Amino acid sequence: MRICLVSAEIAPFAKIGGLGDVSAALGKYLKENGHDIRLVMPLYDTIDRAKYDLAPVKFAQNISLWMGKHEYVIHFWSGRLSNGKTDVYFVQCDELYKRGEVYTSDPDEPVRFALLSAAAFELCQKMGWSPQIFHANDWHTALIPLYLKSLYSWDRLFKSAKTVLTIHNIGYQGNFPARIINDLGLNSFYQLFDSYDLFHGRLNFLKSGLLHADKITTVSPTYAREIQTPEYGEGLDGILRKRSHDLVGILNGVDYEEWNPEKDPNIPYPYSVKNLSGKKKNKQVLLQKAGFNAADSDRPLLGIVGRLVEHKGFDLMMDCMEEILTSYELWFIILGSGEARYENFFKELQQRFPDKVAFYNGYDYALSHLIEAGADIFVMPSRYEPCGLNQIYSLKYGTAPVVRKTGGLADTVTLYDWKTQTGDGFVFEHYSPEGLKWALEYALTTYPNKKAWKKIMINGMKKDFSWQKQIREYEKLYASLAGENK
Ligand code: ADP
Ligand code: GLC
C-alpha cells in the first residue's frame, strides 16, 4: 500500500514524547512488511542535518506555498529512519521552523502545522506519487482531511486517497481564534469547520479533523471507549460518539530492538527471563550513579521517567509520597521535565529525603533505559493515559508497574493476584491519593517475598507488545479503507 504519514514528531529527529516513537515505529514496521510508506515532518532547526545525513530533494526546492495572504517558500529534504530504509521527508521553512524548539506558544503556531499538512500534498505532487492513505497524527496534522477536500481536491493524484487521523492525546486539541482561518488558506472553505465554533470565534484543529477523517484511531482500546464519555472526551466526546463506527483503538507496540534487556547497549548488564541476575547489577549501577549506598540493595527502588505534566497523576504523589517515604525503606529515582510545580515538588522531595530520593531534571535517553533496567517498581499513576509506553518497557525489563486503571495502562498491566500468582503489576482504579497509596503499599509489601516478586517479573517479561503484532491492525484498517476505493 502507499501511505503518507505526517507527524510533528518522528524519532530520532524530533521526539518530545511517545508521538515521536510511534510515528517512527509505524514507518519502520510498515516498510518491513513491504508497504510504500513515506514520512513527512518539519525541518526544525534543532535537527542536525549532517548527523542524519539529510540531503535536499533536488526536484522539490523553492516551492511557493500561499497560506491565505502570505507566501511561504519551502524546500524539501530527505533522509532515512534509523533502519536505513524508510524515507523521511523534511519540510524546510525557516520562517516557521527556525525557533529552537519543536512546539512554541507563538501566535503563528497554527500556521506552523497547517503548513506542514499542506506541504505533504505539495510533496506528493512533486513526486508524482499518489498515496492511498494519508495518515495524520494529533491536532498538528488534523487538517489533512480538510486540505484533501478543499485546496487539493482538484488533483487527480489524490482522487482515491483516504484519510486516517490518530488521536495520541485528546488533551491537546489546537484551539485557536477563528480569525486564523485566513492564515490557513481555507477561508473560502469555512463550511468544513464546525459552524458553532466559528460563530463563537473559535477554531479547533482536532475537532475539524474528527469531522472529516475517513477513519479515526486512538492508541488503545480502553482509551477509544473512554474518550466517548464526558469524563475523558475533553469536549469532543459528542463527535466521537457520532463517529463511533469509524473509531478504533489500536494499542501501541514497542520496538523490542530498542527496548530489550537482553541486548540494550545503554545498560551495563544484559539479562533475560532465563537469567535475571543482571538486573540486580544494573540496580547497583543506578544506585551508585544516584549517590546512594548500594550495599543495602535489598530495598525496593522506585522509578519514574516522563514528561512532568498534569495528566500523568503527579498530584496524587504530592498527597501521598511523603507518607510512603517516611514509612518505608526504599529509593525513588525520577527522570523528567515539564511543569514547574511538579519539578519543584520533586526538587523539594529530594531535599527532604536526600538518602532516598534522586531527581534528574531533564531529558536523558540512556538514563531512561538504565532506570527501566535498574528499578524494581515503575510508577505511572496517570489521570488519563491514551496508551503510555514506559509501563510497557517496564514489563519487558521486569520492573513491576504501579498504574491507574485507565487507557493503555488498563490494557497492558494486570493486577497481581496472590492466589493464582497471575498478573504483572499493581493497578488501582479510583483517581485518589488513597488509591495510589494502596497500590504502592501492595507493591512494597509484596516486594520482600522473593518468590512472588520473581513471578511478577517473569509474567511481565513474557508479555508480547511487539510492533510486529500491532502493525497488523493498522494494515487491516488501511486495507479496509483502500478496499472502499475499488
Ligand atoms: P507521552 O507521550 O505522554 O509523553 P509515553 O509513555 O507514550 O508518554 O511516551 C514517552 C516517551 O518519551 C517514552 O519513550 C519515554 O521513555 C520518553 N521520555 C519521556 N520523558 C523522558 C525523559 N525525561 N528522558 C528520556 N526519555 C523520556
Ligand atoms: C501521547 C500519549 C501517550 C501515548 C503516546 C503515543 O503522547 O500521552 O499515552 O503513548 O501519545 O501514542
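Residues numbered from 1 in each chain as written. Chains lettered and ligands numbered in written order. Predicted model: local features only at pLDDT ≥ 70, side-chain atom pairs only at ≥ 80, totals over all residues. Heavy atoms only, no water.

Taking 1.5 Å per residue, 14 residues should reach 20 Å; helix 15 (residues 433-446) reaches 20 Å between its end C-alpha atoms and fits that length. Buried within helix 15 we find Gly435, Leu436, Ala439, Leu440, Tyr442, Ala443, Leu444 and Thr446. On the buried face of helix 15, the contacting elements are strand 13 (301-308), helix 10 (314-327), strand 16 (377-380), strand 17 (400-404), strand 18 (426-428) and helix 16 (450-461). (Helix = DSSP H or I, 4+ residues; strand = E, 2+ residues; numbered from the N terminus. Expected span 1.5 Å × (residues − 1). Buried < 20%, exposed > 50% of the residue type's maximum accessible area, 1.4 Å probe, protein only. Contact = heavy atoms within 4.5 Å.)

As a further point, take the site of ligand 1. Of all residues adjacent to ligand 1, which total 19 residues, the nearest are Gly18, Arg307, Lys312, Gly362 and Leu389. Between an oxygen atom of ligand 1 and a main-chain N or O atom of leucine 389, the distance comes to 2.8 Å. Notes on ligand 1: free accessible area 560 Å², of which the protein chains cover 94%. For the shell around ligand 1, the secondary-structure elements that each account for two or more residues are helix 1 (18-32), strand 13, strand 14 (331-338) and helix 13 (390-396). Here the shell around ligand 1 gets three residues from one element, more than from any other, and that element is strand 13. Among the residues forming the shell around ligand 1, the class breakdown is five nonpolar, eight polar and six charged. (Near = heavy atom within 4 Å. Polar contact = N/O pair within 3.5 Å; in protein donor to acceptor, adjacent residues only side chain to side chain. Areas by Shrake-Rupley, 256 points an atom, 1.4 Å probe, with all protein chains shown as cover. Nonpolar A, V, L, I, M, F, W, Y, C, P; charged D, E, K, R; others polar.)

Moving on, we come to the side chain of glutamate 343. Considering the arrangement of structural elements, one finds glutamate 343 in helix 11 (residues 340-352). Buried and without a salt bridge, glutamate 343 has lysine 347 as its closest oppositely charged side chain, separated by 4.5 Å. Ignoring anything within four residues of it in the chain, the contact list for glutamate 343 reads Leu308, Ser337, Gly338, Phe359 and Asn361. (Lys, Arg positive; Asp, Glu negative; His and termini not counted. Salt bridge = Lys/Arg side-chain N within 4 Å of Asp/Glu carboxyl O.)

For the rest of this paragraph, the subject is the nonpolar core. Taken as a class, soluble globular proteins show a tendency for nonpolar side chains to be buried jointly. One finds Leu115, Tyr147, Met317, Met321, Phe332, Phe346 and Phe426 to be the most contacted residues of the largest nonpolar core, which totals 177 residues. For this core, the element with the highest residue contribution is helix 3 (residues 109-127), accounting for twelve residues. Per-domain counts for this core show at least three residues from each of domain 1 (2-253 + 468-484) and domain 2 (277-464). Excluding anything up to four places from it in sequence, phenylalanine 346 contacts Ile304, Leu308, Phe314, Met317, Phe332, Ile334 and Phe359. (Core = buried A, V, L, I, M, F, W, Y, C linked by side-chain atoms within 4.5 Å. Domains from an automatic or database assignment.)

In the neighbourhood of ligand 2, 13 residues make up the surrounding shell, with His168, Asn252, Glu385, Cys387 and Gly388 lying closest. The side chain of asparagine 169 places a nitrogen or oxygen atom 3.4 Å from an oxygen atom of ligand 2. One nitrogen or oxygen atom from the side chain of asparagine 252 is found 2.9 Å from an oxygen atom belonging to ligand 2. Isolated, ligand 2 exposes 310 Å² of accessible area, and the fraction of that covered by the protein chains is 94%. Across the shell around ligand 2, the residue classes break down as five nonpolar, six polar and two charged. Residue assignment places the shell around ligand 2 across two domains, with domain 1 (2-253 + 468-484) and domain 2 (277-464) each supplying three or more.

The next point concerns the pairing of strand 5 (residues 70-80). Pairing between strand 3 (residues 55-56) and strand 5: two bridges, direction antiparallel. Each bridged residue has a counterpart across the sheet, and for proline 56 the counterpart in strand 5 is tryptophan 77. The pairing of strand 4 (residues 63-67) with strand 5 spans five bridges and is classified as antiparallel. For serine 64, the partnering residue across the bridge sits in strand 5 and is valine 73. Here strand 4 folds back onto strand 5, and the loop between the two strands holds two residues, one of which, glycine 68, carries a positive phi near 65 degrees. Note that strand 5 and strand 6 (residues 87-92) share six bridges and pair antiparallel. Residue arginine 80 lies in a different strand from strand 6, and its bridge partner there is aspartate 87. (Pairing = 2+ DSSP bridges.)

Another aspect to go through is the sheet that holds strand 14. Backbone-to-backbone hydrogen bonds pair the strands of a sheet. The strands run either parallel or antiparallel. Across the sheet, which stays open at both edges, the six strands sit in the order 15-14-13-16-17-18 with parallel pairing between neighbours. Both outer strands of the open sheet, strand 15 (357-361) and strand 18, are each paired with one neighbouring strand and no more. Taking each pair of neighbouring strands and ignoring which way they run, the sheet shows an average axis angle of 15 degrees. Examined bridge by bridge, strand 14 and strand 15 share five bridges and lie parallel to one another. Paired with isoleucine 334 across the bridge in strand 15 is phenylalanine 359. Sitting on the sheet, helix 11 touches strand 13, strand 14 and strand 15, and the angle it makes with strand 15 is about 145 degrees. (Axes fitted to C-alpha atoms, helices over the stretch in contact; angles between N-to-C directions.)

Most of helix 12 (residues 365-374) sits out of view: eight of its ten residues are buried. All of the buried residues in helix 12 are Leu367, Ser368, His369, Leu370, Ile371, Glu372, Ala373 and Gly374. On its buried face, helix 12 is in contact with helix 9 (277-289), strand 13, strand 14, strand 15, strand 16 and helix 13.

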